[in-house]
Protein chains: 4
Amino acid sequence: MAADRIEGLRARVRQFAAEREWDQFHSPKNLAMALVVEAAELVEELQWLTEEQSRNLDAERRERVRLEAADVFIYLLRIADKLDIDLVTAAADKMVLNERKYPADRVRGDSRKYTEYD
Amino acid sequence: MAADRIEGLRARVRQFAAEREWDQFHSPKNLAMALVVEAAELVEELQWLTEEQSRNLDAERRERVRLEAADVFIYLLRIADKLDIDLVTAAADKMVLNERKYPADRVRGDSRKYTEYD
Amino acid sequence: MAADRIEGLRARVRQFAAEREWDQFHSPKNLAMALVVEAAELVEELQWLTEEQSRNLDAERRERVRLEAADVFIYLLRIADKLDIDLVTAAADKMVLNERKYPADRVRGDSRKYTEYD
Amino acid sequence: MAADRIEGLRARVRQFAAEREWDQFHSPKNLAMALVVEAAELVEELQWLTEEQSRNLDAERRERVRLEAADVFIYLLRIADKLDIDLVTAAADKMVLNERKYPADRVRGDSRKYTEYD
């Protein structure tokens, strides 16, 4: 049985914190703050671009965005680990709710009804 | 060969948007905005709790946090999909940088040197 | 009649952008992104501190927080200017709504009912 | 001598919290979390609009944006009050730094050099 890639990553991030004795700082409250900070750093890379430019990043900016997305993912995994959440299951559960909330036939191509997934 | 769970989820989120003709709204710029909004909704669940309380959530709040974490993950997958980023590889690459930047021997238990992962 | 201090600041920020021909980038959408980025930079200064430590900042961090708060204020003034919003009036209007929503007698000292101002 | 409008607002927000015995929750750390949440709620109003649409809001959305901007301002004033920061002075000090960092002659109309005010 092959280990899931995301599980391997979660274990690695956990070990990283343990080796540095950083668990004392990693309350879900603090990790949520770190998460929103990293998400904002991703926003910062794109804020002055047009939407079109954001779809066609040059290699340098794309790499910076890639690493910012990585930071968001790392903190998200850390929160999930602390609260014993399986992210893939949680997202699958949420997609069921989203599919119910936004029936394809009713919201197709409509930005007025498209507010957000939640 | 078993498909990776995260890949299955990415495909499902992609199909969800396609069926609703929402790709037109899903520029990386817009998705980054949605991402930070979802991250903030997770923050909102924890902002008035003490750190200790955030480590011991009641079932109801834990479930809300779980679904907010799911929203963050869904938008993060969406951005990754649009920019052809493999999140697990990106996070593994970032962990290498983090391990170099924060040598365990030098930063152990030290919140002064602990600013952030990036 | 003395000009209001906040009005003087608003005019100065407007001139700063005009002299640099940055109005083209200052759509409310982009400015909102910049605003959340600056708010996150303020969060970043406090994220690993305890609440108690955040109440007793050393001089160096307090100055960094002061300048991050300034950045938030500058972008908030910029959005307000672009949308012809008077911030002080808007906040006064919002306080009326808050006073109605959170009657002092019912919510006193109660963090459960205290979710947020909005 | 006419009292400054912003000072009157700051006092009112302070009293609002005092009457509800909410100062116990209003550590700078918690207030920073609340601030970024409110900033994200403003982002949420604009995230699926084009930049052009965000410059031409209909009356209903403009009013929602106005009240979200008010929430950001209220929490910003609250942080400033707790840390004994004068926001107008702080912003004026920051503008001096910005004017030095972004000389008009060098950055005019240039989005590449325009990363952010900070």
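Residues numbered from 1 in each chain as written. Chains lettered and ligands numbered in written order. Predicted model: local features only at pLDDT ≥ 70, side-chain atom pairs only at ≥ 80, totals over all residues. Heavy atoms only, no water.

**Student:** Would you mind showing me how to read the overall build of chain A here?
**Tutor:** Regarding its fold elements, chain A presents six helices and zero strands. When the helices and strands of chain A are listed from N to C terminus, the series reads α-α-α-α-α-α. Here the C-alpha radius of gyration of chain A, 18 Å, is well above what a compact globule of 118 residues would show, namely 13 Å. Along the first, second and third principal axes, the C-alpha set of chain A runs to 50 × 35 × 35 Å. In chain A, buried positions account for 58% of the 118 residues. Element-wise, carbon and sulfur atoms account for 48% of the exposed surface of chain A, whose accessible area totals about 4900 Å². Averaged over its 20 positive side-chain charges, chain A has a centre that lies 4 Å from the centre of its 25 negative ones. (Helix = DSSP H or I, 4+ residues; strand = E, 2+ residues; numbered from the N terminus. Rg over C-alpha atoms; globule rule 2.2 N^0.38 Å. Buried < 20%, exposed > 50% of the residue type's maximum accessible area, 1.4 Å probe, protein only. Areas by Shrake-Rupley, 256 points an atom, 1.4 Å probe, with all protein chains shown as cover. Lys, Arg positive; Asp, Glu negative; His and termini not counted. Charge placed at Lys NZ, Arg CZ, Asp CG, Glu CD.)

**Student:** Help me understand the relation of the copies chain B and chain A, please; the structure alone is not making it clear to me.
**Tutor:** Here two copies of a chain appear, and what relates them is a rotation about an axis with a shift along it. Structural alignment of chain B on chain A gives an RMSD of 0.0 Å, achieved by rotating through 180° and translating 0.0 Å along the axis. Here the two chains are linked by the operation of a two-fold rotation axis. Here 100% of the contact residues of chain B are again contact residues in chain A; the copies associate through an equivalent surface. (Least-squares fit on C-alpha atoms with pLDDT ≥ 70 in both. Contact = heavy atoms within 4.5 Å.)

**Student:** Where do I start with the pattern of salt bridges in this structure?
**Tutor:** Note that side chains of opposite charge can pair when their charged atoms are close. Overall, the coordinates contain 71 salt bridges over all chains when judged by the stated rule. With a shortest N-O distance of 3.9 Å, C:E51 and A:K29 are connected by a salt bridge. Residue C:E51 is located in helix α3 (residues 51-55), and its partner A:K29 is located in helix α2 (residues 28-46); the two belong to separate chains. Residue classification places A:K29 among the buried positions, given a relative accessible area of 0%. Salt-bridge contacts for B:D81 lead to B:R78; the nearest nitrogen and oxygen are separated by 3.6 Å. Taken as a pair, B:D81 and B:R78 lie in helix α4 (residues 59-82) at a separation of three residues, close to a single helical turn. For the pair formed by B:D81 and B:R78, the shared burial category is buried. Salt bridges here are not isolated pairs; linked through shared partners, they connect A:E7, A:R10, A:R14, A:D23, A:R78, A:D81 and A:K82. (Salt bridge = Lys/Arg side-chain N within 4 Å of Asp/Glu carboxyl O.)

**Student:** What exactly am I supposed to notice about the interface of chain B and chain A here?
**Tutor:** Taken together, the contact between chain B and chain A spans 82 residues of the former and 82 residues of the latter. In this assembly, chain B packs against chain A so that about 7500 Å² is buried in total across both faces, 65% of it on carbon and sulfur atoms. If you look at where chain B meets chain A, you find 10 salt bridges. Two residues, A:D86 and B:R5, come together in a salt bridge whose shortest N-O distance is 2.7 Å. The interface formed by chain B and chain A holds 34 residue pairs in polar contact (both at pLDDT 80 or more) in total. When residues of the side of chain B that touches chain A are traced back to their parent elements, those giving at least two are α1 (5-19), α2 (28-46), α3 (51-55), α4, α5 (87-101) and α6 (104-107) of chain B. Here the side of chain B that touches chain A is built from residues that sort into 46 nonpolar, 11 polar and 25 charged. (Buried area = accessible area lost by both parts, 1.4 Å probe. Polar contact = N/O pair within 3.5 Å; in protein donor to acceptor, adjacent residues only side chain to side chain. Nonpolar A, V, L, I, M, F, W, Y, C, P; charged D, E, K, R; others polar.)

**Student:** Can you walk me through the packing of aromatic side chains in this structure?
**Tutor:** What characterises a pair of aromatic rings is the spacing of the ring centres plus the angle enclosed by the ring planes. Summed over all chains, the structure comprises 14 aromatic pairs over all chains. Note on A:F73 and B:F73: the rings are 5.6 Å apart at their centroids and 10° apart in plane angle, and the pair reads as stacked. With A:F73 in helix α4 (residues 59-82) and B:F73 in helix α4, the pair connects residues from two separate chains. In this pair, the class of A:F73 matches that of B:F73, namely buried. Ring geometry for A:Y102 against B:W22: centres 5.5 Å apart, planes inclined by 75°, an arrangement best described as edge-to-face. With A:Y102 in the loop between α5 (87-101) and α6 (104-107) and B:W22 in the loop between α1 and α2, this pair bridges two chains. Taking relative accessible area as the criterion, A:Y102 reaches 4% and is therefore assigned buried. Taken together, the ring pairs in this structure connect A:F16, A:W22 and B:Y102 into an aromatic cluster. When the ring centre of C:F16 is taken as reference, the NZ or CZ atom of C:R20 above it lies at 3.8 Å. (Phe/Tyr/Trp six-rings, centres within 6.5 Å; stacked < 30°, edge-to-face > 60°. Lys NZ or Arg CZ within 6 Å of the ring centre and 35° of its normal.)

**Student:** Could you clarify how one ought to interpret the confidence of the model for chain A in this entry?
**Tutor:** When pLDDT is low, close inspection of the predicted coordinates is not appropriate. When pLDDT is averaged along chain A, the result is 92; 91% of the residues meet or exceed 70. For this predicted complex, the interface confidence comes out at an ipTM of 0.93, alongside a pTM of 0.94. (pLDDT = per-residue confidence, 0-100.)

**Student:** Would you take a moment to explain the packing of helix α1 (residues 5-19) of chain C against helix α4 (residues 59-82) of chain C for this structure?
**Tutor:** Two quantities define a packed helix pair, namely the angle between the axes and the distance from one axis to the other. All names here are of chain C. Relative orientation of the contacting elements α1 and α4 amounts to 85°, with a least axis distance of 10 Å. By the criterion of interaxial angle, the relationship of α1 to α4 is roughly perpendicular. Contacts between α1 and α4 involve I6, L9, R10, V13, R14 and A17 from the first element and F73, I74, L77, R78, A80 and D81 from the second. Taken together, the residues of the contact of α1 with α4 break down into eight nonpolar, no polar and four charged. (Axes fitted to C-alpha atoms, helices over the stretch in contact; angles between N-to-C directions. Parallel < 35°, antiparallel > 145°, perpendicular 65-115°, else oblique.)

**Student:** How do you make sense of the side chain of D:D81 when you look at a structure like this?
**Tutor:** Residues and elements named next belong to chain D. We classify D81 as buried; its relative accessible area is 16%. Among the polar contacts listed, one links the side chain of D81 to the side chain of R14, at a separation of 2.7 Å. Among residues more than four places away in sequence, those in contact with D81 are R10 and R14.

**Student:** Just checking my understanding: could you explain the nonpolar core for this structure?
**Tutor:** Across soluble globular proteins, you tend to see nonpolar side chains buried next to one another. Core analysis: the largest hydrophobic core is formed by 168 residues, its most contacted members being A:F73, B:F73, C:F73 and D:F73. With sequence-adjacent residues up to four places away left out, A:F73 is seen in contact with A:I6, A:L9, A:L87, B:I6, B:F73, B:L76, B:L87, B:V88 and B:A91. (Core = buried A, V, L, I, M, F, W, Y, C linked by side-chain atoms within 4.5 Å.)

**Student:** What's the story with α4(C) in this structure? I'm lost.
**Tutor:** Residue pairs three or four apart in sequence face the same way in an α-helix, which turns once every 3.6 residues. Residue and element names in this part refer to chain C. Helix length check: α4 (24 residues) gives 35 Å between terminal C-alpha atoms against 34 Å at 1.5 Å per residue, within 8%. Counting buried residues in α4 gives 17 out of 24 residues, a clear majority hidden from the surface. One or two steps after α4, the chain reaches D84, where phi turns positive at roughly 55°. (Expected span 1.5 Å × (residues − 1).)

**Student:** Just checking my understanding: could you explain helix α1 (residues 5-19) of chain A for this structure?
**Tutor:** For α1(A), spanning 15 residues, the distance from its first C-alpha to its last is 21 Å, which sits close to the expected 21 Å at 1.5 Å a residue. Residues of α1(A) that are buried include every one of A:I6, A:L9, A:R10, A:V13, A:F16 and A:A17, and no others. All buried residues of α1(A) lie within an arc of 120° about the axis, which places them on one face of the element. Looking at the buried side of α1(A), the elements it contacts are α4 and α5 of chain A together with α1, α4 and α5 of chain B. Taking the backbone nitrogen of A:I6 as reference, a side-chain oxygen 3.2 Å away marks A:D4 as the first, capping residue of α1(A). (Arc of directions from axis to C-beta.)

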